[in-house]
Amino acid sequence: MADGVGSPAWVLHETLLEVLKRLNQAAERVPEVPELEYAELERAMRAFWATVAGETDLAFALRLLLENGLVTTVDEPVYAWDRGRVLGERFRITTLGKGYLVRQLEARGRVR
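Below, the structure is looked at part by part. This structure is a prediction, so every number in the text was calculated from the model and none was measured. (Residues numbered from 1 in each chain as written. Predicted model: local features only at pLDDT ≥ 70, side-chain atom pairs only at ≥ 80, totals over all residues. Heavy atoms only, no water.)

Considering the overall build of the protein
Applicable threshold: Only DSSP runs of H or I reaching four residues or more are called helices, and only runs of E reaching two or more are called strands; each is numbered from the N terminus. Exposed residues in this analysis have more than 50% of their type's maximum accessible area, buried residues have under 20%, and partly exposed residues fall in between, with area computed by a 1.4 Å probe over protein chains only. Any two residues having at least one pair of non-hydrogen atoms within 4.5 Å are treated as being in contact. Each accessible area value is a Shrake-Rupley result obtained with a 1.4 Å probe; residue values ignore everything except the protein chains displayed when judging cover.
Counting secondary structure elements, the protein contains five helices and four strands. Traced from its N-terminal end to its C-terminal end, the protein shows the element sequence α-α-α-α-β-β-β-β-α. Going through the 112 residues of the protein one by one, you find that 38% of them count as buried. Sequence-distant contacts in the protein: of pairs separated by 6 or more residues, those separated by 24 or more amount to 60%. Accessible surface, the protein: about 6,700 Å² in total, of which carbon and sulfur atoms supply 55%.

Topic: the side chain of threonine 15
Applied cut-off: Polar contact criterion, stated in full: a pair of N or O atoms within 3.5 Å, where within protein one must be able to donate a hydrogen and the other to accept it, and residues adjacent in sequence count only if both atoms are side-chain atoms.
With respect to the helices, strands and loops of the structure, threonine 15 is situated in helix 1 (residues 8-29). At 2.8 Å, the side chain of threonine 15 and the backbone oxygen of valine 11 are in polar contact.

Here we look at helix 5 (residues 95-107)
Along an α-helix, residues three or four apart share an orientation, since each turn contains 3.6 residues. We apply this condition: To estimate the expected span of a helix, subtract one from its residue number and multiply by 1.5 Å. Here, the arc refers to the directions that run from the helix axis to the C-beta atoms.
Between its first and last C-alpha atoms helix 5 spans 18 Å; for 13 residues at 1.5 Å apiece the expected length is 18 Å, and the two agree. Residues Gly97, Leu101, Gln104 and Ala107 constitute the buried set of helix 5. Viewed end-on, helix 5 has its buried residues packed into an arc of 130°, placing them on one side of the element. For helix 5, the elements touching its buried residues are helix 1 and strand 4 (90-93).

Considering the packing of helix 1 against helix 4 (residues 58-67)
So the rule is basically this: A fitted line through C-alpha atoms represents every axis, and for helices the fit uses only the stretch in contact; the resulting angles, taken between N-to-C directions, go from 0 to 180 degrees. Note on terminology: angles under 35 degrees are roughly parallel, angles over 145 are roughly antiparallel, angles of 65 to 115 are roughly perpendicular, and the others are oblique.
Here helix 1 crosses helix 4 at 75°, and the two axes come no closer than 10 Å. The angle between helix 1 and helix 4 falls in the class roughly perpendicular. Residue-level inspection shows Leu12, Thr15, Leu16, Val19 and Leu20 of helix 1 in contact with helix 4, the latter providing Leu58, Phe60, Ala61, Leu62, Leu64 and Leu65.

Concerning the packing of aromatic side chains
Inclusion rule: Two aromatic rings from Phe, Tyr or Trp, using only the six-membered ring of Trp, form a pair when their centres are within 6.5 Å; if the ring planes differ by under 30 degrees the pair is stacked, by over 60 it is edge-to-face, and anything between is tilted.
Throughout the structure, instances matching the rule amount to one aromatic pair. Taking 4.7 Å as the distance between ring centres and 75° as the angle between the ring planes, the aromatic pair formed by tyrosine 79 and tryptophan 81 counts as edge-to-face. In this structure tyrosine 79 comes out as partly exposed when scored by relative accessible area, which is 37%.

Some remarks on the nonpolar core
Soluble globular proteins tend to pack their nonpolar side chains together in the buried interior. Let me state the cut-off plainly: Here the nonpolar core consists of buried residues drawn from Ala, Val, Leu, Ile, Met, Phe, Trp, Tyr and Cys, with membership extended through side-chain atoms lying within 4.5 Å.
Grouped together as the largest cluster of nonpolar side chains are 20 residues, with contacts concentrated most on Val19, Leu20, Leu23, Leu41 and Leu65. Ranked by residues supplied to this core, first place goes to helix 1 with six residues. Every residue in contact with valine 19, bar those within four places of it in the chain, is listed here: Leu41, Met45, Leu58, Leu62 and Leu65.

Some words on the side chain of glutamate 37
By secondary structure assignment, the location of glutamate 37 is in the loop between helix 1 and helix 2 (38-44). Those residues in contact with glutamate 37 that lie beyond four places of it in its chain are Arg85, Leu87, Gly88, Glu89, Arg90 and Phe91.

Purely spatial values, then, with no claim about function.
Given below as structure tokens:
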């Protein structure tokens, strides 16, 4: 089951896609602060972790996305009115990340 559903490679790929989905949703939902802090992303991923066999390390997934230019970080503090607090380091999906996400979602309807 090296390449099948439930394999470590499949779980990692699904985790990467889920992170990109969550960051894309944040960018569309809150244009003033279109990023998520690590803890916010971790919280948003709880439902995903419950449905996927085996949990992939979120820090590892983010590092892969950052290294490949699909996600970027924003470090300057900003007050988020919708969250009622000052935000620290946050993660944002890049244009490259959006393109990858769209291609992967479109490919899901195809037989491979």
